[in-house]
Amino acid sequence: MGAAMRRIHVGNALSAFGLGFTVPYLYVYVAQVRDLGAVTAGLVLAVFAVAALVVLPFAGRAIVRRGTLPVLLAALVMAAVGSLSLGVAAGAVSVLLSAALLGAGQAVMQPALATMIVDCSVAETRSRAFAVQFFLQNLGLGVGGLIGGHLVDVSRAASFTLLFAIEAAMFLLLVAVMATVRMPRAPRIEETAPRGGGASWRQLLGNRAMVQLCVLGFVLFFACYGQFESGLSAYGVEAAGISMSTLGTALAANTATIVVAQFAVLKFVERRRRSRVIAAVGLIWAVAWAVAGYAGLGHGSREMATAAFVSTYALFGLGEAMLSPTVAPLVADLAPTGMAGQYNSMFALVKQLALAVGPAVGGPLAAALPGSYIATFLLCSLGITVLAVRLGRLLTPTQNRPSLGRSRVVAQGGASAEPASART
């Protein structure tokens, strides 16, 4: 990695640390510490999703026109202001406005940092760069949540104010780190690319492979990430009868699997067709949902149900480790020259939609009809496999399997300066 990429990865880790530091305790802070009730706390969580949906359609165009770094720095300052004001807000209106600022800033960070990774990498190194990003994000979330949980005290509002102040300081520290990044010269937009905002969106929606990938991405996030903190946890408690400590163990198993498996699966993933990797993830997650079904609907012992539930989260983690070096680089490879920011923002928008709809559907369904809940998301996982196979038909050989491009360069003698390890 070059110096710019190292700083970008530090930025990813710091932003994830800030998220893990406060988001798990946001509901308790609003509902109990500020005594604003469950309704206001629920609205605050909804504001995060709404703010992201509002700003992301404009973020991509801003990245393309203004440059990635200025947009990222503005988003970081916005998030810092939102976090600091949230820590001192006492009324419902001020809490909601602060949450909107924080949510908007955090939403724009994702495509901005992803676009910086694209600009500082090439096709051959992009999968590994995104794998490192995902690894550091999970590590940052885990460490942030662990430290934050030891700092907060529900009986002392000042402890939460300190928490949000530290998060704001993390964002400002990230401003200082990212301001020193020397980005390579941004690629110019292709001459054939439309200049107007509406025209560029029409061009994006006219890219059949990108539209198919967005549909696939929606199902991916809806069927997995959108269920972690709502439907699947509700199902575990209500249907499987697991304890809160077991739920914590399951979440830890998910993170541990990602940390352990991320680089173990990377070499395997890099040499396979991306569409087939995603299709395999759908099958793995289908098995995960079947195991979850056994945990809650089977007639085994409590120990077997607990082991099955923890295994479900571990299987999801394995699928996530396979997706991180696959999906994000594919979005970048589908984007025309200079349009990576807009394509990343589009995919981030799809992700936010899925994360907003997923809990709204999964939570009530898991609590009321656990059998139907499992069947629904098992079918969604099989749908991922079908959609991935269809996507593969729309991709060029090098988009689907970037290692082919490297092999052709080597065959032509254009990579003679590469070390032997890079050519094997």
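Preceding this paragraph is the structure being described.
Presented here is an overview of the structure given in this document. (Residues numbered from 1 in each chain as written. Predicted model: local features only at pLDDT ≥ 70, side-chain atom pairs only at ≥ 80, totals over all residues. Heavy atoms only, no water.)

### With respect to the nonpolar core
Counting 117 residues, the largest nonpolar core has Met178, Met210, Leu213, Leu216, Leu232, Trp285 and Phe309 as the members making the most contacts within it. When neighbours within four sequence positions are excluded, Leu232 is seen to be in contact with Gln227, Trp289, Phe309, Thr312, Tyr313, Phe316 and Tyr373. With 5 residues, the next largest nonpolar core counts Ala52, Leu56, Ala348 and Leu349 among its residues. (Core = buried A, V, L, I, M, F, W, Y, C linked by side-chain atoms within 4.5 Å. Buried < 20%, exposed > 50% of the residue type's maximum accessible area, 1.4 Å probe, protein only. Contact = heavy atoms within 4.5 Å.)

### Focus: the side chain of Ser324
Tracing the backbone through its elements, the reader meets Ser324 in the loop between helix 13 (302-323) and helix 14 (327-334). Under the relative-accessibility criterion, Ser324 is labelled buried at 10%. Apart from residues lying up to four places away in sequence, Ser324 is in contact with Phe130, Ala131, Phe134, Gln262 and Pro329. (Helix = DSSP H or I, 4+ residues; strand = E, 2+ residues; numbered from the N terminus.)

### Regarding helix 1 (residues 3-22)
With 20 residues, helix 1 should reach 28 Å at 1.5 Å per residue; the first-to-last C-alpha distance of 29 Å fits that figure. Along helix 1, 14 of the 20 residues are buried, which leaves the element largely enclosed by surrounding structure. (Expected span 1.5 Å × (residues − 1).)

### Side note on the packing of helix 2 (residues 26-33) against helix 3 (residues 37-66)
Contact geometry for helix 2 and helix 3: axes closest at 8 Å, N-to-C directions at 145°. When you trace helix 2 past helix 3, the crossing you get is right-handed. Residue-level inspection shows Leu26, Tyr27, Val30 and Ala31 of helix 2 in contact with helix 3, the latter providing Gly37, Ala38, Thr40, Ala41, Gly42, Val44, Leu45 and Phe48. (Axes fitted to C-alpha atoms, helices over the stretch in contact; angles between N-to-C directions. Left-handed = near helix turned anticlockwise from the far one by under 90°.)

### Describing a positive patch on the surface
A cluster of basic residues, Lys267, Arg271, Arg272, Arg273, Arg276 and Arg401, forms a positive patch at the surface. Exposure remark for Lys267: the relative accessible area of 54% places this residue in the exposed category. (Patch = residues over 30% accessible without salt bridge, like charges linked within 9 Å, V, L, I, M, F, W, Y side chains within 5 Å. Areas by Shrake-Rupley, 256 points an atom, 1.4 Å probe, with all protein chains shown as cover. Salt bridge = Lys/Arg side-chain N within 4 Å of Asp/Glu carboxyl O. Lys, Arg positive; Asp, Glu negative; His and termini not counted. Charge placed at Lys NZ, Arg CZ, Asp CG, Glu CD.)

### Quick word on the pattern of salt bridges
Counted under the stated rule, the structure contains 4 salt bridges. The salt bridge involving Arg126 is made with Asp333; its shortest N-O contact spans 2.9 Å. Taken as a pair, Arg126 in helix 6 (residues 123-151) and Asp333 in helix 14 lie far apart in primary sequence, 207 residues in all. Here the salt bridges do not stand alone but share partners, grouping Arg126, Arg274 and Asp333 into one network.

### Re the side chain of Thr115
With respect to the helices and strands, Thr115 occurs in helix 5 (residues 92-119). A polar atom in the side chain of Thr115 sits 3.0 Å from the side chain of Asn344. Excluding its chain neighbours within four sequence positions, the residues that come into contact with Thr115 are Ile63, Thr68, Ala340, Gly341 and Asn344. (Polar contact = N/O pair within 3.5 Å; in protein donor to acceptor, adjacent residues only side chain to side chain.)

What is shown is where atoms sit, not what they do.
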